[in-house]
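Spelled out, the chains give:
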Amino acid sequence: MTDGSGGDGANVREKRESMRVALEGEEMQVSQPHYDYVLSKCIELSDYFELSQETLVVKLQAFRINRKMPPESPITMDEINAFSADLRAKQPQVVRRLPPRQPQLSSAAAPVSRVPSAVQIDDDLIQAMMDTAVFIDEYKNRPEKGQLVGEFNFPTNTSIPLLVSAETRTRPQVAFDSTCVMKPYRYGYDLLDKKFDALFRRLKVLGRAFTKDLNMKFSVSFDEISQDESSPVAALVSYSVAESSFTPHNVVLQSHASRLPLVLGGSELSYNLFPGQVILVNGSNRGVINPTDIKIGTPAPLFPLAATLARSYSLIVAAGPFAPTPDAYSDSPISFEPLSDLLKYVDDSLPDIVILVGPFIDAQNPTLRYQTTDSETIFINSVVKPIQKMASKHTNTHFVMVPSLNDLAHPHCVLPQPPFPSVFFGTNQLLSLASNPCTMEVDTAFSIGVTSVDILSDLNTNTIIKSSTPTDRTSALVKHILLQRSFYPLFPPEEGVNLDGDRMDSLTMSKTPSVLVLPSALGPFAEMVEGSLCINPGRITKGAYGGTFAHITITPHQHQQEQYNTPPQPQFNTKILKI
């Protein structure tokens, strides 16, 4: 019998090396006194939760962003322990699950005394049943119900005047932008050459818009090899197909007629790049591009809000899943109590607009995925009817529903995604069915942009940043969306995002929205970026636990127009609340 200790030691060394590479790939440093402990702890968490090392590192990075930790600060022992506790609270323990069992038919040929294997006692099954039983109470017994998580005022140090009373307010009118995909379409027919055509069409349009805003001239291809610096070139950021991830060492620039490596190593130049990004580059072409300046774009013109806002508006924004998610299949009926609790808040607060963002019937919920009742019936009975009842009760409140790629009840799981089929809703016209993504104008006074795709997490995984000054990574990620004028500027898309290349133009922002809603697994926030109120309301549920939503108030500014000689600017107040 041979000793396997040597093999085990080699396996540990291999795991440590791959974890080190994963951390360095995201430019995360480890405090030297705690180096061994941090690496061992990361490997332990990766094995315990059955996560790939790259996925664990992304979760660690998101944890640091949410805690506002400087990107350049090394990871310490206290920090990795806090991350471990946070991960254990949010990530259910992985237990091997058995599939739902089908009834066994008796067989005359089978011995009577034989116990079928399908009903033999299984410790994992017992654990799964216990886990599910505990999960049912986790949402009901959640602490801090309705607690204020954060409040944000823009401009700062301003008070928010009282809203229009419920008796005198009128129902806002909502109109969708022409870029929204409002009808179903045939997908899966986007050929490779059409995808490239769409990408280079975007390259030309954005390059022309950027240089117009910056008062510059540009070209769409690099000159012949030369030591002289070229004029600005509009190029698409990509990376070498030989590499599995996007790092500073494998960045490639794709212009209209050439594909050349971009040299970032050893450069003092600041950069903020991701695949699919259109940038303007100055530099010399020596077979590789040595950049001297990189500009990452300009935002689309702001929606003209200030001149037309004549009243106050109250908005509630919530993103699914709207049912707690167990970590195993359960025969028990799924609970949509979080949606009921949200509608109770709507009933009490009487907002002007309620924006509900999917998923509503979440494909990641194992109980919903394997229900014997079809997902459309669950959607109608548990989601549509309660919302319609509330909309019928409060006719001055405008309800908007935005689908998700993870919605089991939606026939299209492709981006851009058309609205839910109207057949689910009957003749009730109090609900507006929106596309994903969508831009809507409210009373022609202000605009709201919404997408249910977690573009912030996808960008966070694929963005490399180098800056001489401390950078708020969350703001930098949001800024990418506005500067690239797209709800999903990342290309190629992340796994799970089915992007239709023929309709990439429908992801563009012709104007920067007054409010941009970006639901994400990253921490909830509200920030004013490039003149747009950008918010992540969080998710109504996080696994088996309660999550957060946002309540936004928009009011005309109270300063005297003559004093500042400017139009009255609006005030934004955003509250992030626990459900």
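Scroll up to find the structure.
Residues numbered from 1 in each chain as written. Predicted model: local features only at pLDDT ≥ 70, side-chain atom pairs only at ≥ 80, totals over all residues. Heavy atoms only, no water.

A. The arrangement of the packing of aromatic side chains in detail. Counted by the stated rule, this structure contains 14 aromatic pairs. Both rings, one in Phe196 and one in Phe200, keep their centres 6.5 Å apart while their planes meet at 20°; by these two values the pair is stacked. Of the two residues, Phe196 and Phe200 are both situated in helix α6 (residues 192-213); the distance of 4 residues between them amounts to about one turn of the helix. By relative accessible area, Phe196 is classed as partly exposed at 40%. A network of ring pairs unites the aromatic residues Phe322, Phe360, Phe379, Phe420, Phe424 and Phe425 as a single cluster. One residue, Arg186, lies across the ring of Tyr189, its end atom 4.2 Å from the ring centre. Over the ring of Tyr313 we find Arg311; its NZ or CZ atom is 4.3 Å from the centre of that ring. (Phe/Tyr/Trp six-rings, centres within 6.5 Å; stacked < 30°, edge-to-face > 60°. Helix = DSSP H or I, 4+ residues; strand = E, 2+ residues; numbered from the N terminus. Buried < 20%, exposed > 50% of the residue type's maximum accessible area, 1.4 Å probe, protein only. Lys NZ or Arg CZ within 6 Å of the ring centre and 35° of its normal.)

B. Spatial organisation of the nonpolar core. Residues Leu415, Leu456, Ile481, Tyr488 and Leu516 are the most contacted members of the largest nonpolar core, which totals 36 residues. Put simply, the parts of the chain that give this core at least two residues each are α6, β3 (233-239), β7 (278-285), α10 (455-462), α11 (473-483) and β17 (525-529). Counting residues in hydrophobic clusters, the runner-up holds 35 residues, among them Tyr139, Phe420, Leu431 and Ile540. (Core = buried A, V, L, I, M, F, W, Y, C linked by side-chain atoms within 4.5 Å.)

C. How the structure looks around the environment of Pro403. Note on placement: Pro403 falls in the loop between β11 (398-402) and β12 (431-433). Between the C-alpha atom of Pro403 and that of Ser435, which follows or precedes it by 32 residues, the distance is 6.8 Å. Among all residues touching Pro403, those that are not within four sequence positions of it are Gly358, His410, Gln417, Pro418, Pro419, Phe420, Ala434, Ser435, Asn436 and Ser452. (Contact = heavy atoms within 4.5 Å.)

D. Geometry of the layout of surface pockets. Here the second largest pocket defines a volume of roughly 740 Å³. Forming the walls of the second largest pocket are 30 residues, and the residues nearest its centre are Glu26, Glu27, Pro71, Glu72 and Ile465. When contributions to the lining of the second largest pocket are tallied by element, the ones reaching two or more residues are α1 (5-25), α3 (53-66), α10, β15 (464-466) and α11. Taken together, the residues that form the lining of the second largest pocket break down as 9 nonpolar, 12 polar and 9 charged. (1 Å grid on protein atoms, 1.4 Å probe; cavity = no way out; pocket = protein on both sides within 12 Å on 5 of 7 lines; lining within 4 Å. Points joined across faces, edges and corners; volume = space filled by probe spheres on them. Nonpolar A, V, L, I, M, F, W, Y, C, P; charged D, E, K, R; others polar.)

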